[in-house]
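A structural walkthrough
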Amino acid sequence: MRAVLVGFMGSGKTTIGQLLAKKLQVSHVDLDQIIVEFAGKSINDIFAQAGEQTFRRLEHELLQQQLAKDGILSTGGGTPMLDANLKLLQNSSAPIILLEASTQTITRRVKDEGGRPLVNRLTSSELANLKQSRDTLYYKCADWVVKTDQRTPQEIIAEILPKLVV
Ligand SMILES: Nc1ncnc2c1ncn2[C@@H]1O[C@H](COP(=O)(O)OP(=O)(O)O)[C@@H](O)[C@H]1O
Ligand SMILES: O=C(O)C1=C[C@@H](OP(=O)(O)O)[C@@H](O)[C@H](O)C1
Ligand SMILES: [Mg+2]
C-alpha cells in the first residue's frame, strides 16, 4: 500500500482515500466496501445478523490481504481495535495517516448517515467516550496526523499529497 488512512467514524477516511487515489492515479480500496461485497450484505445487516465479532473477523482477514497491495486503503474506524490489526498496521511499510476530528465535527458529519451500527446504537456521550478510547489506538499506529476540523476535503488532500509523492 502507498498509504493507509485511519481514524474515527466520520473523520473522512473514505472521502479522502477516494480523492487521494484519484489524484495519484492509483487504486482505492475501502475496507468497509470490500467487507460488504464479500459478505453480500450491508454493514448494518452483518452487525444485526452475524454480530460484530463476525464483522471484525472479516475485517481482519481483508485488512491482511489488502495491505499487501498497492494503492490507497481506507480502513474502518474500528480496524485498529483488534491487537492483530494494530500490529499489521504498525508493521506495514506504507505510511499510516490519522485523520483527526473533534467529537463535535464527527457528530455533525455522521448523525444523518444511517450506515454505521455503532452510531445508531450509542448515545452522544457514549460516542464521545468511544472516540477517546479509540484515539489512543490510532496514535499507536499513525505515522502522521492530519487535522480535518473546518477543512474541506480539497484542503486536506493538499496537505497529504506532497508528502506522498516525494
Ligand atoms: N473534511 C470534510 N469536511 C466536511 N465533510 C466531510 C469531510 N470529510 C468527510 N466529510 C463528510 O463526512 C461524512 C463521513 O465521511 P467518510 O469519508 O464516510 O468518513 P469515514 O470513512 O472516516 O467514516 C460524509 O458525509 C462526508 O462527505
Ligand atoms: O468504528 C467502527 O467500529 C466502525 C466504523 C465504520 O467505518 P467508518 O469509520 O468508515 O465509518 C465501519 O467499519 C463499521 O460501522 C464499524
Ligand atoms: Mg469509511
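If you're wondering where the values come from, they're calculated on a predicted model, not measured in any experiment. (Residues numbered from 1 in each chain as written. Chains lettered and ligands numbered in written order. Predicted model: local features only at pLDDT ≥ 70, side-chain atom pairs only at ≥ 80, totals over all residues.)

1. Some details on unusual backbone geometry
Note: most peptide bonds trans; most residues except glycine with negative phi. Positioned with a positive phi, Gln25 is a non-glycine residue whose angle comes to about 55°. On the secondary structure map, Gln25 appears in the loop between helix H1 (13-24) and strand E2 (28-30). Notably, Gln150 is not glycine yet its phi reads approximately 50°, a positive angle. With respect to the secondary-structure elements, Gln150 resides in the loop between strand E5 (144-147) and helix H9 (153-165). (Helix = DSSP H or I, 4+ residues; strand = E, 2+ residues; numbered from the N terminus.)

2. Side note on the pairing of strand E4 (residues 96-100)
Walk down a regular strand and you will see the side chains alternate between the two sheet faces. Most of E4 is tucked away, with 4 of its 5 residues classed as buried. One ladder, built from 3 bridges, connects strand E1 (residues 3-6) with E4; its direction is parallel. Residue pairing across strands places Val6 opposite Leu98, the latter belonging to E4. Note: E4 against E5, 4 bridges, orientation parallel. In the sheet register, Leu98 faces E5, and the bridge partner there is Val145. (Buried ≥ 20, exposed ≤ 12 C-beta atoms within 10 Å, placed from the backbone. Pairing = 2+ DSSP bridges.)

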